[in-house]
Amino acid sequence: MNKILIGLSLLCSLFANAQEAGSSEEKKNLVKMNLTSVVFRNYQFAYERLFTKRFSVQMSYGFIPAGQIPFVDEVIKDENVENIKLGGSNLTIEPRFYLGKGYGHGFYIAPYYRYSHFNVDNLTYNYSSEDPAFDGQRIPVSFTGKTNSNNIGLMIGAQWLLGRKDNWVLDVWFIGAHYGGASGTITGRSSRPLTAYEQQQLRDDIADLDISLFKYDVTTNASGAVIKLDSDWLGVRSGISFGYRF
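Residues numbered from 1 in each chain as written. Predicted model: local features only at pLDDT ≥ 70, side-chain atom pairs only at ≥ 80, totals over all residues. Heavy atoms only, no water.

(A) Fine view of unusual backbone geometry. Positive phi, normally seen in glycine, also occurs at Arg41, with a value near 60°. Relative to the helices and strands, Arg41 resides in the loop between strand S1 (29-34) and strand S2 (43-50). A positive phi angle is found at Tyr103, which is not glycine, with a value near 50°. When you line up the elements, Tyr103 lands in the loop between strand S5 (85-98) and strand S6 (106-128). (Helix = DSSP H or I, 4+ residues; strand = E, 2+ residues; numbered from the N terminus.)

(B) Looking closely at the nonpolar core. Within the largest apolar cluster, 25 residues are counted, with the highest numbers of intra-cluster contacts made by Tyr125, Tyr127, Phe143, Leu202, Ile206, Tyr216 and Ile227. Counting residues per element, this core draws most heavily on S6, at 5 residues. Among residues more than four places away in sequence, those in contact with Tyr127 are Gln137, Arg138, Ile139, Val141, Leu194, Glu198, Gln201, Leu202 and Asp205. Tyr98, Leu161, Val169 and Trp173 belong to the second largest nonpolar core, which has 10 residues in total. (Core = buried A, V, L, I, M, F, W, Y, C linked by side-chain atoms within 4.5 Å. Buried < 20%, exposed > 50% of the residue type's maximum accessible area, 1.4 Å probe, protein only. Contact = heavy atoms within 4.5 Å.)

(C) Focus on empty space enclosed by the protein. In the structure shown here, the tally under the stated rule is 1 cavity of 30 Å³ or more. By volume, the largest cavity amounts to about 40 Å³. The class makeup of the residues in the lining of the largest cavity is 4 nonpolar, 5 polar and 1 charged. (1 Å grid on protein atoms, 1.4 Å probe; cavity = no way out; pocket = protein on both sides within 12 Å on 5 of 7 lines; lining within 4 Å. Points joined across faces, edges and corners; volume = space filled by probe spheres on them. Nonpolar A, V, L, I, M, F, W, Y, C, P; charged D, E, K, R; others polar.)

(D) The arrangement of the side chain of Asp171 in detail. Locating Asp171 in the fold gives a position in strand S8 (residues 168-190). There is a polar contact of 3.2 Å between the side chain of Asp171 and the side chain of Lys32. Not counting residues up to four positions away in its chain, the partners in contact with Asp171 are Lys32, Gln58, Arg96, Tyr108, Ala158, Gln159, Gly239, Ile240 and Ser241. (Polar contact = N/O pair within 3.5 Å; in protein donor to acceptor, adjacent residues only side chain to side chain.)

(E) Just the pattern of salt bridges, in detail. For the structure on display, the rule yields 8 salt bridges. Its salt-bridge partner being Lys32, residue Asp171 comes within 3.2 Å of it at the nearest N-O pair. Of the two residues, Asp171 sits in strand S8 while Lys32 sits in strand S1, which places them 139 residues apart along the sequence. For Arg203, the salt bridge goes to Asp204, with nearest N and O atoms at 2.7 Å. (Salt bridge = Lys/Arg side-chain N within 4 Å of Asp/Glu carboxyl O.)

(F) Highlighting the environment of Asn83. Relative to the helices and strands, Asn83 is located in the loop between strand S4 (81-82) and S5. Asn83 sits in the partly exposed class, given a relative accessible area of 39%. Remark: the alpha-carbon pair of Asn83 and Ser142, spanning 59 residues in sequence, is separated by 9.4 Å. What Asn83 contacts, discounting residues up to four positions off in sequence, is Asp121, Asn122, Leu123 and Thr124.

(G) Structural context of the packing of aromatic side chains. Under the defined criterion, the tally for this structure stands at 10 aromatic pairs. Judged by centre distance (5.5 Å) and plane angle (35°), the rings of Tyr43 and Phe63 are tilted. You can see Tyr43 sitting in strand S2 and its partner Phe63 sitting in strand S3 (residues 55-68), a full 20 residues away along the chain. One residue, Arg192, lies across the ring of Phe134, its end atom 4.2 Å from the ring centre. Of note, Arg237 hangs over the ring of Trp173, and the distance from its end group to the ring centre comes to 4.4 Å. (Phe/Tyr/Trp six-rings, centres within 6.5 Å; stacked < 30°, edge-to-face > 60°. Lys NZ or Arg CZ within 6 Å of the ring centre and 35° of its normal.)

As structure tokens, then:
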């Protein structure tokens, strides 16, 4: 019961703050959707709260429904890799410092923290056995797993208030970059038990894959392979968001 009362109190407080902000000269709440990320099946939504003329905090959440990776051929360049499906989510906390007119209007710089989580599903590696007993046999190995990354970065952008009452928002991220680490485990299951010769060959083949985004270690066994990711992570941000101010 105490938890319910605390939750209701917080909701009432947030509602009262929103009403107070909406009735003041400067509306301090903004909700937005990233329009450009939709091209990559990444649906991003954000809430920004203005605290002073030149300072705000934005929190955004994005999710990627499980499906084919856009432009996957540019990331993994190997004809034996196919059927890759990826899904995931990310959370970004972003203090903003406005340099121009303020109150959510004008150029800004924004340091930020981003947490990302990805699920890899149905990644099939078509391994060709060179074991003399099975020479040339094609053995599908199906990989599934999860990765996580924590990053800090900096973004430069500008935001404009539109409409007769300045109720609409256009937020342009000119450029942002973040750096951090990524880790995770991806497990591959072979369609049949592998011989010792095939295990060694499979390990060498995966170690030689041209996967430019990650550093990884590979171990193999009769059931397949285990890939351990422990890598630096570098990413960029840019885009256009549109929203409402109240």
